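Each chain, letter by letter, is given below.
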Amino acid sequence: MGLRRWLGRSHPYHLPGASMWPILTSALGARVLLSILFWFHREWLGARPIFGAVMAGVSLSLVLALWWRELAREAADLGSHSRPVRRLLRIGVSLFILSEVAFFLRFFWAFFHHALAPRVVIGGCWPPVGVAVPDP
């Protein structure tokens, strides 16, 4: 990347402007969660709570697709994602995947720890006494 391209910038990083997409996404995410809550508790809402959940999910998917389209345009057409920005995006995605792997390792470690070596407090057996387990 040439010097002429950086003359108007004081750093090689991309600072996005104000956008309506984060607010819309959070509002529709809350709408999806509330619609699912009303779907589970039908006595609160009435006849067709599934329609609201489906419409909220479709709206959220549309808003996310439009937001990602804008991000792709910034990266490809406007050239906002310089080499340091792309490097940091790769690092961020890698750290996210690493955190997900660590989460699942902790989750299964805790399960197998309690399943293979049950404590005396729960009766020394797995599953604990009083827990109904479905018969496969």
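Rules of the game
- Position labels on residues start from 1 in each chain and follow its written sequence.
- For a predicted model such as this one, the threshold for reporting local features is a pLDDT of at least 70, and the threshold for listing and counting side-chain atom pairs is 80 or more; totals across whole chains, interfaces and linings nevertheless cover every residue.
- Only hydrogens and water are removed before side-chain values are computed, so all heavy atoms of the structure are retained for them.
- What counts as a helix is a DSSP run of H or I of at least four residues, what counts as a strand is a run of E of at least two, and both are numbered from the N terminus.
- Summary of the burial criterion: residues with accessible area below 20% of their type's maximum are buried, those above 50% are exposed, and those between are partly exposed, where the area comes from a 1.4 Å probe applied to protein chains only.
- Pairs of residues are marked as contacts when any of their non-hydrogen atoms sit within 4.5 Å.
- To be clear on the numbers: accessible area is Shrake-Rupley with a 1.4 Å probe, and residue cover counts the displayed protein chains and nothing else.
- Exposure above 30% relative accessible area and the lack of any salt bridge qualify a residue for a patch; like charges then connect within 9 Å, and the nonpolar side chains Val, Leu, Ile, Met, Phe, Trp and Tyr within 5 Å.
- What makes a salt bridge here is a side-chain nitrogen of Lys or Arg within 4 Å of a carboxyl oxygen of Asp or Glu, nothing more.
- His is not counted here, nor are the chain ends, while Lys and Arg score as positive and Asp and Glu score as negative.
- Charge coordinates come from a single atom per side chain, which is NZ of Lys, CZ of Arg, CG of Asp or CD of Glu.
- Throughout this description, the term nonpolar core refers to a set of buried Ala, Val, Leu, Ile, Met, Phe, Trp, Tyr and Cys residues connected via side-chain atoms within 4.5 Å.
- A residue's pLDDT is the predictor's confidence in that residue, given on a scale from 0 to 100.
- Note on ring pairs: Phe, Tyr and Trp rings are taken, using the six-membered ring of Trp, and paired if centres are within 6.5 Å. Classes follow the plane angle, with under 30 degrees stacked, over 60 edge-to-face and the rest tilted.
- Helix span, as expected, comes to 1.5 Å for every residue beyond the first.
- The reported arc concerns the directions from the helix axis to the C-beta atoms and nothing else.

1. Here's the deal with the overall build of the protein chain
Phase 1: Across its full length, the protein chain holds four helices and zero strands.
Phase 2: If you list the helices and strands of the protein chain from N to C, you get α-α-α-α.
Phase 3: Looking at the 136 residues of the protein chain, the share that counts as buried comes to 13%.
Phase 4: Counted over contacts in the protein chain with a minimum sequence separation of 6, partners at least 24 positions apart contribute 55%.
Phase 5: When the accessible surface of the protein chain is split by element, carbon and sulfur atoms take 71% of a total near 11200 Å².

2. Brief notes about a positive patch on the surface
Phase 1: Positive charge collects at one region of the surface, where R83, R86, R87 and R90 lie side by side.
Phase 2: Residue placement: R83 occurs in helix α4 (residues 83-116).
Phase 3: Under the relative-accessibility criterion, R83 is labelled exposed at 63%.

3. As for the nonpolar core
Phase 1: Formed by W21, L28, V32, A56, L60 and V63, the largest nonpolar core amounts to six residues.
Phase 2: With residues up to four places along the chain from it excluded, the contact list for V63 reads W21, L24, T25 and L28.

4. What to know about the confidence of the model for the protein chain
Phase 1: Counting all residues, the mean pLDDT for the protein chain is 84, and 88% of those residues have values of 70 or more.
Phase 2: Across the protein chain, the element-wise mean pLDDT spans from 65 in helix α2 (residues 42-45) up to 92 in α4.

5. Some details on a nonpolar patch on the surface
Phase 1: Taken together, the side chains of F103, F104, F107, F108, F111, F112, L116, V121, I122 and W126 make up a nonpolar region of the molecular surface, amounting to roughly 1100 Å² of accessible area.
Phase 2: For F104, the position within the fold is in helix α4.

6. Overview of the packing of aromatic side chains
Phase 1: Tallied over the entire structure, the rule returns five aromatic pairs.
Phase 2: Seen from their ring centres, F103 and F104 are 5.3 Å apart, and the 75° between their planes marks the pair as edge-to-face.
Phase 3: Residue F103 is classed as partly exposed on the basis of its relative accessible area of 41%.
Phase 4: For the ring pair F111 and F112, a centre distance of 5.2 Å and an interplane angle of 70° mean the geometry is edge-to-face.
Phase 5: Put simply, the rings of F103, F104, F107 and F108 touch in pairs and so form one group of aromatic residues.

7. As for helix α1 (residues 21-40)
Phase 1: For α1, built from 20 residues, the straight-helix expectation of 28 Å at 1.5 Å per residue is met to within 8% by its first-to-last C-alpha distance of 28 Å.
Phase 2: Along α1, the residues that are buried comprise W21, T25, L28, V32 and S35. Along the long axis of α1, the arc covered by the buried residues comes to 85°, so they all point the same way. Residues of α1 that are exposed and point more than 90 degrees away from the buried face comprise I23 and L33.

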